[in-house]
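So you can see what is in the structure, the chains are spelled out below.
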Amino acid sequence: MGQTSPASLRRLAAWAVGPCLPAWAVLLGLGLIGRLSWPTALISCLVVFLLMAVVVLSRLADFDRIIRYSEDLLANPDAPAPLLQTSATAQRLLASLTALRKLWADRREEADALATSRQDILDSLPDPFFLLDRRRRVVSANAAARLLFDLERTTDQRMGGLTGRDLAGVIRDPKVLEAADLALAQNRKTEAQFTLPAPVEHTFGALIVPLSATAQNGTALIVALHDQTERLKMDRMRADFVANASHELRTPLASVLGFIETLRGPARDDTKAREEFLEIMLKQANRMTRLIDDLLSLSRIELREHTRPTEAVDMEALLRGAAELLDRQAKERRVTITLNVTPGLAPALGDAQELSQVFHNLISNAVKYGGEQGRVELTAEKSDTRPPSMPGRGPCLKISVRDFGEGIPREHIPRLTERFYRVDNARSRELGGTGLGLAIVKHITNRHRGALTVDSDVGKGATFTVYLPMVVG
Ligand code: ADP
């Protein structure tokens, strides 16, 4: 009993008193009825107590050590087990306690591993995600949330990073705060949309889900964010596209309908007007046909955009064919088309039909916008470097269509390949343009893993250059 504390002594004394009680009762009873003298009875009680204390000290001291050991375990799970001296029962109790301690340590390790893997799982989710307590304070957040709110740097500093902050300090949008309050008050899933203005404007959807029971660490709400910027942009583009396409078709259609009405009414017997109107109607109907053809081309190309074409295409023959098709148009505007191809140029890796459409559109634009009596130069050569917008490395083909017309103001160049984008709306329509030609060119070059660049000086003309992969070897 080397390290017996006053508390254990008091406990051992108390343990010794209990078993003495029956013997004391008998001795005191014998004293009461006069069978034992009081001094004898009292001495006997003392002797019984001392004998009992010896037994208790020798037998129960081990149990006292076990009690102290279990008390120590509460403060320190790695506390060393005591050395027991006598009792086999105490040995068994200690063995069970040690097994229990091991089980508990294993469980704790498992729980720690689970918590770490849970954090790893949350961190691997691409969407920002955090957990809130009932007072709307952040209990934990995943890596995407920390990155989004740019608090990684301040984590564990005085600001405390994301953890511990009120939701209002993280997302300042009142709609999200209201949704979180509602989820807590009515114990139901809520949703809200909010916009983060910096560094680039992004719109997020927040899904807020209450937990059925508040977790031990205080988690009561899950807030999952989803970036909706791209989807909203696509929705807007789709809606704009349908509106633009309908508008483009409605204009010639309204004109055709107007002329039909006139021909059925006031101009019924006017042969000259009829001829004139029929001519305009034919022009409008042709415009609608071109528009529908271009729309169909675009959707066909979009469908195939992720499969790379594999034909070997002779560019000289292709450019010559494209120029010949536009010969009548060029002659009408007294435009000369010249062709300059490096002898023995390697073929392009592509789809001949699609590439014909690319150069048909570019040459047609050069003839249309290059000015009357102008000149259009077609050149095809090998380029040892690729423009930054072209994927891959190594040499490629560089095919340019150059005109010497009015050119394109710099600010319009980045938007030229957008559907229905025109520098001068009236001019394009008057020249029979659909506003889709360059969008088609861009989609075809994308499908070919090529690139399109535009250079222009206002008043001096424009050069559209298409870079294409070439057949090597
Ligand atoms: P469009 O059918 O109107 O010609 P495109 O998509 O082919 O449509 O061209 C978009 C716009 O780009 C044209 O409306 C025109 O304003 C401008 N553009 C295209 N090519 C040229 C060029 N060679 N010179 C000047 N402007 C051009």
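### Section: the site of the ligand
- What surrounds the ligand is a group of 19 residues, the closest being N365, Y369, S428, T434 and L438.
- One of the side-chain N or O atoms of D403 is found 2.8 Å from a nitrogen atom in the ligand.
- Within the side chain of S428, a nitrogen or oxygen atom sits 2.6 Å from an oxygen atom of the ligand.
- Listing elements by their share of the shell around the ligand, those giving two or more residues are α11 (352–369) and α13 (437–447).
- By residue number, the principal contributor to the shell around the ligand is α11, which donates 3 residues.
- In the shell around the ligand, the residues fall into 8 nonpolar, 7 polar and 4 charged.

### A short note on unusual backbone geometry
- With a phi close to 50°, N187 is a non-glycine residue in the positive phi region.
- Secondary-structure assignment places N187 in the loop between α6 (174–186) and β3 (190–196).
- Of note, R449 is a non-glycine position whose phi angle comes to about 55°, a positive value.
- With respect to the helices, strands and loops of the structure, R449 is situated in the loop between α13 and β11 (451–457).

### Some points on helix α3 (residues 88–124)
- Look at α3: 53 Å from first C-alpha to last across 37 residues, which is about the 54 Å you get at 1.5 Å a residue.
- If you check which residues of α3 are buried, you get A90, L94, L97 and L122.
- Packed against the buried residues of α3 are α2 (38–75) and β1 (129–133).

### Remarks on the sheet that holds strand β12 (residues 461–468)
- Here 5 strands make up an open sheet; going across it, the order is β7-β9-β10-β12-β11 and the pairing mixed. Two strands in the sheet have a free side with no partner beyond their single neighbour: β7 (336–341) and β11. For this sheet, the mean angle separating the axes of adjacent strands, direction not counted, is 15°.
- Against the sheet, helix α9 (residues 315–325) makes contact with β7, β9 (375–383), β10 (396–403) and β12, and its axis sits at roughly 175° relative to β7, the strand it touches most.

### Remarks on the packing of α11 against α13
- Where α11 meets α13, the closest approach of the two axes is 9 Å, and the angle between their N-to-C directions is 145°. Crossing hand, α11 versus α13: left-handed. Seen from α11, the contacting residues are E354, L355, Q357, V358, N361, L362 and N365; seen from α13, they are G437, L438, I440, V441, I444 and R447.
- Classifying every residue of the contact of α11 with α13 by side-chain character gives 7 nonpolar, 4 polar and 2 charged.

### Looking at the layout of surface pockets
- Taken as a whole, the second largest pocket holds about 570 Å³ of empty space.
- Along its surface, the second largest pocket is lined by 15 residues, and M237, F241, T417, E418 and R419 are the ones closest to its centre.
- Within the residue set of the lining of the second largest pocket, elements represented by two or more residues are α7 (229–264) and α13.
- Ranked by residue count, the leading element in the lining of the second largest pocket is α7, at 6 residues.
- The class makeup of the residues in the lining of the second largest pocket is 5 nonpolar, 3 polar and 7 charged.
- Per-domain counts for the lining of the second largest pocket show at least three residues from each of domain 3 (228–307) and domain 4 (308–473).

### Structural notes on α6
- Along its 13 residues, α6 runs 18 Å from first to last C-alpha, staying within 8% of the 18 Å computed at 1.5 Å per residue.
- Contacts from the buried residues of α6 go to α5 (167–170), β3, β4 (202–210) and β5 (219–227).
- Looking at where α6 begins, the residue whose side-chain oxygen comes 2.9 Å from the main-chain nitrogen of K175 is D173.
- Directly after α6, the chain includes N187, whose backbone phi takes a positive value near 50°.

What counts and how
- Counting from 1, residues in each chain are numbered in the order their sequence is written.
- Reporting in this predicted model follows two pLDDT cut-offs: at least 70 for local features of residues, and 80 or more for side-chain atom pairs to be given and counted; totals over whole chains, interfaces and linings ignore these cut-offs and use all residues.
- With hydrogens and water excluded, all non-hydrogen atoms of the structure serve as input to the side-chain values.
- It suffices for a single heavy atom of a residue to lie within 4 Å of a molecule or strand for the residue to be listed as near it.
- We define a polar contact as two N or O atoms separated by no more than 3.5 Å, with the added condition that, inside protein, one atom must be a possible hydrogen donor and the other a possible acceptor, whereas residues neighbouring each other in sequence contribute only through side-chain atom pairs.
- By definition, any uninterrupted DSSP run of H or I lasting at least four residues is a helix, any uninterrupted run of E lasting at least two residues is a strand, and each is numbered from the N terminus.
- Only Asp, Glu, Lys and Arg are considered charged in this grouping, and only Ala, Val, Leu, Ile, Met, Phe, Trp, Tyr, Cys and Pro are considered nonpolar; every other residue, Gly among them, is considered polar.
- Helix span, expected: 1.5 Å multiplied by one less than the number of residues in the helix.
- Note on classification: 1.4 Å probe, protein chains only; a residue is buried when its accessible area is under 20% of the maximum for its type, exposed when over 50%, partly exposed between these limits.
- Note on definitions: a residue-residue contact is assigned when non-hydrogen atoms from the two residues lie within 4.5 Å.
- We call two strands paired when DSSP finds no fewer than two bridges between them.
- Note on definitions: angles span 0 to 180 degrees between N-to-C directions of axes, and those axes are lines fitted to C-alpha atoms, for helices only across the stretch in contact.
- The sense of a crossing depends on the near helix, which, turned anticlockwise from the far helix by less than a right angle, makes the crossing left-handed and, turned clockwise, makes it right-handed.
- Computed over the protein atoms alone on a 1 Å grid, cavities are sets of points where a 1.4 Å probe fits but cannot get out and pockets are open sets with protein on both sides within 12 Å along at least five of seven lines; a residue lines them when it has an atom within 4 Å of a point.
- Grid points are joined across faces, edges and corners, and a volume is the space filled by probe spheres set on the points.
- All the domain ranges listed were derived from an automatic or database domain assignment.

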